[in-house]
Each structure stands twice: as C-alpha cells, then as structure tokens.
Amino acid sequence: MGTHGESDPEVKAVLNVLQTDPDEALQKALEVIRAAQGRGDKALEVRARVALCAVKLQQGDARGALEEARVALAAAPESSPELRCQALRSVVAASLQDGALDVAMREVTAALQQFQGRNDLCGEANALELQAEVSAAREDYDVALETAARARGIFEKLGAQERDQWAGYSLLKLAEFYISAWKPLDALKVSEEALAIFRAKGDKPGEGAALQTVANSHLLEQNGDAALAKVEEALSIFKSLDDRAAQTAALRTKINALLVTKKHTEARSASGEAAAIFKAAGDAKGEASALLLVTEVCLQTLHSREALTAAREALELFKGAGSRAGQAAALTAITAAAYDDESGQAVEAAQEKVALFKDSGEWYQEADSLLALANVLVSRIGKKIARCKLASSDDTLAALRAAKDAHLKFSTSGNPAGMESAMRVVSQILLYNNVSSDVIDAVRDPEEVLQDVMSGKYSDPRNALPKPDVVKSTKLDEIIPSSKQLDRNKFAWNQPLNGYSYTMIWQPTKDRQVRNRKPRGSYDILTLASGAKTTSTPALLQARSHDASERNDPLVVYMLSSDCKENYASTIMSVVQTMGAMITARVPRLVFVQFDEPHYDWTDTSARQCNMYPVILGLLRSMRIEAPHVTVGFVGGDAASWISNPSPMIDSIFDTIECDESEVIYKKGDAFAPLLVHRELDEATQFVKPKAKIGWKATK
C-alpha cells in the first residue's frame, strides 16, 4: 500500500514508517486509532485501520489483517464510498494473502450490489476492479479481464464533475491490475487517463503517481527510454513535494528503466541517490532501506563486493535504530551478496538471522531462516565438490541439522511446502555425499537421516561422513552395564513376572503437583461430537466462551456423548479415523471429552456397565507414541460433576494440553489423574496333586 492518495498526515506517517520499520509502524497505527476514537473521528479511524491492515500484511499476519480490515469496513459510513472502497480493498488484500478467496469474493459482491443500488458509478467501478483481482487469484483470467473491461467502461461513462481525484486514483488501481495481468497497452491507456485527471485538478501527488504508473507500463513493453522520460518527470514532482518515500519508489522504477536500457553504471548511481536523500534528512532507517536498494542493484549488475559493502552498512544502521525487520532484510542481502564467496560471510549472516528470529520467538521466520542456512551450506558443499574434493563433513552435518530443524518447525506450524523444501535439501546433501539414489528416494524423516549419518550408516570411501564405531569388546556387561540386573535365580514357570507388574490407579490431583505448566494460550476450537447432543452442546458453548478461546492456535475437541457406549464399535472406528486425519493434516492439538463416565475402582468386582473411556485412553496413549508431534489430552467426568459444576472440567480441556497432567477424570466433583504403582499380581495358578479314586481300587 502506497502513500499516494492519502490526505491525512498521521496515516501517511504510518505508511512512510512501514517502509523501514513495520514494528514502529504498528505502534503508530494503534496510537492513531486510539486518538481517532477519543475524538470520535470515524473517517480517521477507518483510514488508520486500513493502514494497520497494511502493516500486519507486511508482518505476515494475514488473519489479523483481515480482522482489522473487516472492522474498518463495518465502521466506514455508507455516505462515504471512498472510505468504503479503501476498507474493501484492504479486505481483499488480506483475504488473498490468507487464501480466503471465497471470503474476498463474497465481500466484494455485497459491496458491488450496494454501489449499484446507490447508483455510485465510481464505487461500482472500484468493486468490479477488485472482483477482477479475486478472479485472477482464482486463476480465472478470462473472467478477470472481462470484469476489468466492465470497470473500465464505467470509468469512461463518468461525467466531468465525477472525474475527480478519487476517480484518478481508482484508474491507477485499474492500471496496476492491467500491469499485473501483463496487458501493457491497456495499462498505459488507463494510466494516461488518470494523468489527465490529476493535471486538470492540479493534484501534484496524483500526477507524480500517474507518471510513475505510465513509466511502469512502458517498462512492461521493454521501452526503457520512454519509461525513463516519464519517471524523471515523476521524480521532479516528488522532489518539489519533499516526499522521500515517493522519491525512493520512483528511483526504483528509474533503476529498472536504466537496467532495461543496459545503463548499469547509471543504475548504480541512481540507487545511491536514494541513500543520499535519506542521509541528508538524518533518517537512519530510510538510509538503511535505500542501501538495501543499492545492494539489489549491485547484485543485478554483478558487483557483489559493492553489494556486500552496502548491505553491511545497512545492517549497522538497522542495529543502531533497533529495527529487527530491517536487520533480517540486511542479513538476507548479505547472504545473497556473499553467496558465491567462500569467505564464510553468507553462512555467518544466515546463522545470525536464525538467532535473531529464535530470540524473538517468530517460528515461521525462524523456519525460513533455517532453510536458507541449509541451502547456503549445500551451495558451499557443491563448490568444494566442483574442485574434485569430498563433501565437507562439517558442512554436511551443519546442513543436515539446519534442514532437520527447519522441517520440524514447518511440521509444527503445518506447512507442507516448507517440509517438502527441507526434504529436498536433505536429498541434495545425501546426493553430494554419494549415497545411493534408492536410499535417497526412501528418505522420509530428516531426524532419522541425521541419526543414521552419525551412526556411520552412510559412511563410504567416496565421502567424509562419520564412520561407524568399532566395538572392541563383546561382553554384554561391558556394553550394557545395566544388563547385570538380568542376573536372576533359577528360572521357574510359577512366577515369571515377579517384580515386573504394575497397576494403574486414579489418584486425586490435589495430592500431586502439576508439572511443566505452560502459560495459558489461545485457541481456535473445532468440535467433533458423536451421539446425543444433550451434554456436548452446553459444554461446547462454555468452551467457546472461555478466555482461552480466541481463534488463534488450532484445537480439535472430540466430545464423546453419554450414549456412545451403546455404539461401541462405531465409536472406536470414528475415533481412530479422527486420529488418522489429525496426523495427516498436521493438526497439533486434540482433546477427548467423555461424558457421564467416572473411573471405577479396580478392586470392585461387582457388575457394572461397559465403559468407553478405557478404550479411548488406550488409543490416545498409542497415538502419543506413534505421532509425538500431536498433543493429546483427555477430560472425563460423571453426570454429577458435569451438572453441578462444569467449570473446572472446561478449564481442564485447555490444561491437559498445557501441562504434564494430560488425563483427568472427575468423580463427584473431584479430579483424579492416572498413576502407576508397583503391585505384585496374585498367583492365579493352583497346584493340585491328583489322588487315586477309591472306585478304581474297587474295580481292580
């Protein structure tokens, strides 16, 4: 989202800061929203929320951005179609990044109908252009171009009074769509129409933005000279307005035009102009961002040393300004600039980036950084092999560890594309170390690969991987010192399990200490229920109204009704299929909730009903072994506990996945947890010495 067309100076300041420091932009946007709410300024609040949506999109929080955009759309007054279009555009941008294409199309269609009902031609054209964007995202390009043509036709019908600045900026959005659809002639014509509107209205910022869009349209046709002429006009306007952010954007367009015309020296000089602008203004973050532009241009013109120097300067400036996002961008630039350099600077920069995101707790970015580190190490392995050397053992192990950690992070966050990329890196490492292709095809788990490598499984004269340990002694007690515990007296069949039997009892939780309790998280609850809903529905409503239910981390709650024991086999099959789906879908949290079943005393030999919970506990304990990446909990209780005071049991739904007390059953309002105790089994074998019957002797 650019600053063109934004009239409010507070919101424009947020968007300017966004280009250099998203974290600071987030704080500024929240401050503007609070100030607007305090003054009761709805228009400013909507604009600030639109800017906040742009900040969250740049930070990768698409869901949070979508929520803010919806709030902005709901707050935008119907009497201001321009504000509604701004909020609607934010909803579409957030929905597209979140992959919610149906949500985007539904919102745009509703807005289109409203604009048509109010006979608002400019609003209708904006909605049609957004429909075209959503259709293109759906890969329905014919419909997208047809819808864009309808929007363009409406703009042509606008009268002289209606062709104001808003219509001009709307035409620029349509031109940007045509550029993204690789339609340079249409983009050029539409942007020139917008340019004429801005010149007629004397809108200098709009004129500069239109000139830049015209230049981008010429670039799409590879007409560098025409693009250069237009962008020079735009630059002169932005300089007169002292708009540094707009100057930087225009300089980027100018650099692309110079690269198209093969003027590499001039392109590097133009990139230096941006850094000089911010340096003269004393803007350290802006100067650092401009230096990253210098790095990019130097890399495109194959001047790696200059690119590395500029990236290093940018990193120091970002560190001085305390910008974590800027440091990450600078470290990425250093990695790219030193990629082909064997000095090790690329590896050091990639490792520093991993540590940066690890300290901040940003899992997604840490996973991407680990994958980038693994790729840098693989590249270094390939360069050494090209010089007829063996693959470095240190680089191989470091790359495997980085790929393993990245795969684990992607697996935890449910990112199959990232997991696949990590597996490709692992396969490439094994290939460079002359491992058989059949073995590589069978690889499925980087953790297992690393263990096999360390154990010497893939050691070969053609690689430098660790060799297997040589066992010098074959005595069992020297290899396994604990094996002496197996020394026992003469074996007898009459008590073979003596000393190895345990019994599980249910102990009151108040008599034991809960370990490893994590801070209370927030979860997006998906509920599955079987059988009668008389007990599961109230429990679901209470769980969704709990403080921990905030639509963040995914949590599946499987509720087993009071009559599930009457459908024993069907319930077992449903539970097993649910577990399999959870494992396949990489959903990391699952809690079973059992109604109307307390635990029973193992010493009670009286007849009782066939409870369901022992089978469920057996299945979920097996799942913990076979799928350790899924956290599974269990909460049960009798009818008295659920009816009298269900709140502790609702709390336990979240507690079981946040501490070691992962299984809890309530009986008459008291909580019990399983405990294994050592107990010798009663001897079940009876020895009987047969005696001869008296009748036999009489027969003889």
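Please read all numbers here as calculations on a predicted model, not as lab measurements.

*Asks:* Residue-level account of the overall build of the protein, with values.
*Replies:* For the protein, the count of helices and strands is 30 helices and 7 strands. The buried share among the 700 residues of the protein stands at 46%. Looking at the protein alone, contacts between residues at least 24 apart form 64% of all its contacts between residues at least 6 apart. Counting only carbon and sulfur atoms, one obtains 52% of the accessible surface of the protein, whose full area is about 35900 Å².

*Asks:* Residues and numbers for the pairing of strand β4 (residues 589–595), please.
*Replies:* Here β4 lies mainly inside the structure; 6 of its 7 residues are buried. By the bridge criterion, 5 bridges tie strand β3 (residues 553–560) to β4 in an arrangement that is parallel. In the sheet register, valine 556 faces β4, and the bridge partner there is leucine 590. For the handedness criterion, the β-α-β arrangement of β3, helix α26 (residues 568–585) and β4 is classed as right-handed. Relative to strand β5 (residues 631–637), β4 is paired through 7 bridges, and the arrangement is parallel. Directly across from valine 591, in β5, lies its bridge partner glycine 633.

*Asks:* Give me the lowdown on the packing of helix α5 (residues 81–98) against helix α7 (residues 121–137), citing residues and values where you can.
*Replies:* Remark: α5 packs on α7, axes separated minimally by 11 Å, with the N-to-C direction vectors making an angle of 5°. By the angle class used here, α5 and α7 are roughly parallel. Only Gly123, Asn126, Glu129, Leu130, Glu133, Val134 and Ala137 of α7 make contact with α5, whose side of the interface consists of Cys85, Leu88, Arg89, Val92 and Leu96.

*Asks:* Hey, could you go over the packing of aromatic side chains for me, with residue numbers and the actual values?
*Replies:* Going through the model one piece at a time under the given rule, you end up with 5 aromatic pairs. Taking the centre distance of 5.9 Å and the plane angle of 55° together, the rings of phenylalanine 177 and tyrosine 178 count as tilted. Take phenylalanine 177: its relative accessible area is 5%, and that puts it in the buried class. A relative accessible area of 3% places tyrosine 178 in the buried class.

*Asks:* Could you give an account of helix α23 (residues 446–455), with specific residues and numbers?
*Replies:* What sets the pattern is the α-helix's 3.6 residues per turn: residues three or four places apart point alike. Along α23, the residues that are buried comprise Pro446, Val449, Leu450, Asp452 and Val453. Projection of α23 onto a plane perpendicular to its axis shows the buried side chains occupying an angular sector of 165°, all on one side. The elements touched by buried residues of α23 are α20 (393–413) and α21 (416–432). Between the side-chain oxygen of the N-cap and the backbone nitrogen of glutamate 447 there are 3.2 Å, and the N-cap of α23 in question is aspartate 445. Glycine 456 occupies a position one or two residues after α23 and carries a positive phi of about 90°.

*Asks:* Give me the packing of α5 against helix α6 (residues 101–117): which residues, what numbers.
*Replies:* Running from N to C, α5 and α6 cross one another at 165°; their axes reach a closest spacing of 8 Å. Comparing their axes, α6 and α5 come out roughly antiparallel. Helix-helix and strand crossings are classified by hand; for α5 and α6 the assignment is left-handed. Judged by residue contacts, Pro81, Arg84, Cys85, Leu88, Val91, Val92, Ser95 and Leu96 of α5 engage Leu101, Val103, Ala104, Glu107, Val108, Ala111, Gln114 and Phe115 from α6. Classifying every residue of the contact of α5 with α6 gives 12 nonpolar, 2 polar and 2 charged.

*Asks:* Describe in detail the pairing of strand β7 (residues 670–678), supporting the description with residues and values.
*Replies:* Sheet topology places strand β1 (residues 502–508) next to β7; 7 bridges connect them, and they run antiparallel. Directly across from threonine 503, in β7, lies its bridge partner valine 677. The sheet contact formed by strand β6 (residues 663–667) and β7 spans 3 bridges and is antiparallel. Looking at β7, one finds that isoleucine 665 is bridged to phenylalanine 672. Between β6 and β7, which pair antiparallel in sequence order, lie 2 residues; one of them, lysine 668, sits at a positive phi of approximately 55°.

*Asks:* Go over a nonpolar patch on the surface, please, and point to the residues and values.
*Replies:* A contiguous nonpolar patch, built from Tyr502, Met504 and Leu676 and spanning about 330 Å² of accessible area, is present on the exposed surface. Along the chain, leucine 676 falls in strand β7.

*Asks:* Residue-level account of the confidence of the model for the protein, with values.
*Replies:* Taken as a whole, the protein shows an average pLDDT of 80; of its residues, 88% reach a score of 70 or greater. The least confident element of the protein, judged by mean pLDDT, is helix α30 (residues 694–699) at 53; the most confident is β5 at 93. A low-confidence stretch, residues 1–5 (pLDDT under 50), is modelled with 16 contacts involving residues beyond four sequence positions or located in other chains.

*Asks:* Tell me about the sheet that holds β7, and name the residues and values.
*Replies:* What the 7 strands build is an open sheet, ordered β1-β7-β6-β5-β4-β3-β2; its pairing is mixed. Only two strands of the sheet have a single partner each, and these edge strands are β1 and β2 (523–530). Each strand axis lies, on average, 25° off the axis of its neighbour in the sheet, ignoring direction. Relative to β3, α26 is tilted by about 175°, and along the sheet it contacts β2, β3 and β4.

*Asks:* Go over α7 with me, naming the residues and quoting the values.
*Replies:* Taking 1.5 Å of rise per residue, the 17 residues of α7 would be expected to cover 24 Å, and the 25 Å separating its terminal C-alpha atoms lies within 8% of that figure. Counting buried residues in α7 gives 13 out of 17 residues, a clear majority hidden from the surface. Just beyond α7, the residue with positive phi is glutamate 139, at close to 65°.

*Asks:* Any details on the environment of leucine 540? Residues and values, ideally.
*Replies:* The residue leucine 540 is located in helix α25 (residues 536–544) in this model. Residue class for leucine 540 comes out partly exposed when judged on its relative accessible area of 21%. When the C-alpha positions of leucine 540 and leucine 526 are compared, they lie 9.6 Å apart, and in sequence the two are 14 residues distant.

Rules used throughout
Residues numbered from 1 in each chain as written. Predicted model: local features only at pLDDT ≥ 70, side-chain atom pairs only at ≥ 80, totals over all residues. Heavy atoms only, no water. Helix = DSSP H or I, 4+ residues; strand = E, 2+ residues; numbered from the N terminus. Buried < 20%, exposed > 50% of the residue type's maximum accessible area, 1.4 Å probe, protein only. Contact = heavy atoms within 4.5 Å. Areas by Shrake-Rupley, 256 points an atom, 1.4 Å probe, with all protein chains shown as cover. Pairing = 2+ DSSP bridges. Right-handed = clockwise from strand over helix to strand, strands pointing away. Axes fitted to C-alpha atoms, helices over the stretch in contact; angles between N-to-C directions. Parallel < 35°, antiparallel > 145°, perpendicular 65-115°, else oblique. Phe/Tyr/Trp six-rings, centres within 6.5 Å; stacked < 30°, edge-to-face > 60°. Arc of directions from axis to C-beta. Polar contact = N/O pair within 3.5 Å; in protein donor to acceptor, adjacent residues only side chain to side chain. Left-handed = near helix turned anticlockwise from the far one by under 90°. Nonpolar A, V, L, I, M, F, W, Y, C, P; charged D, E, K, R; others polar. Patch = residues over 30% accessible without salt bridge, like charges linked within 9 Å, V, L, I, M, F, W, Y side chains within 5 Å. Salt bridge = Lys/Arg side-chain N within 4 Å of Asp/Glu carboxyl O. pLDDT = per-residue confidence, 0-100. Expected span 1.5 Å × (residues − 1).

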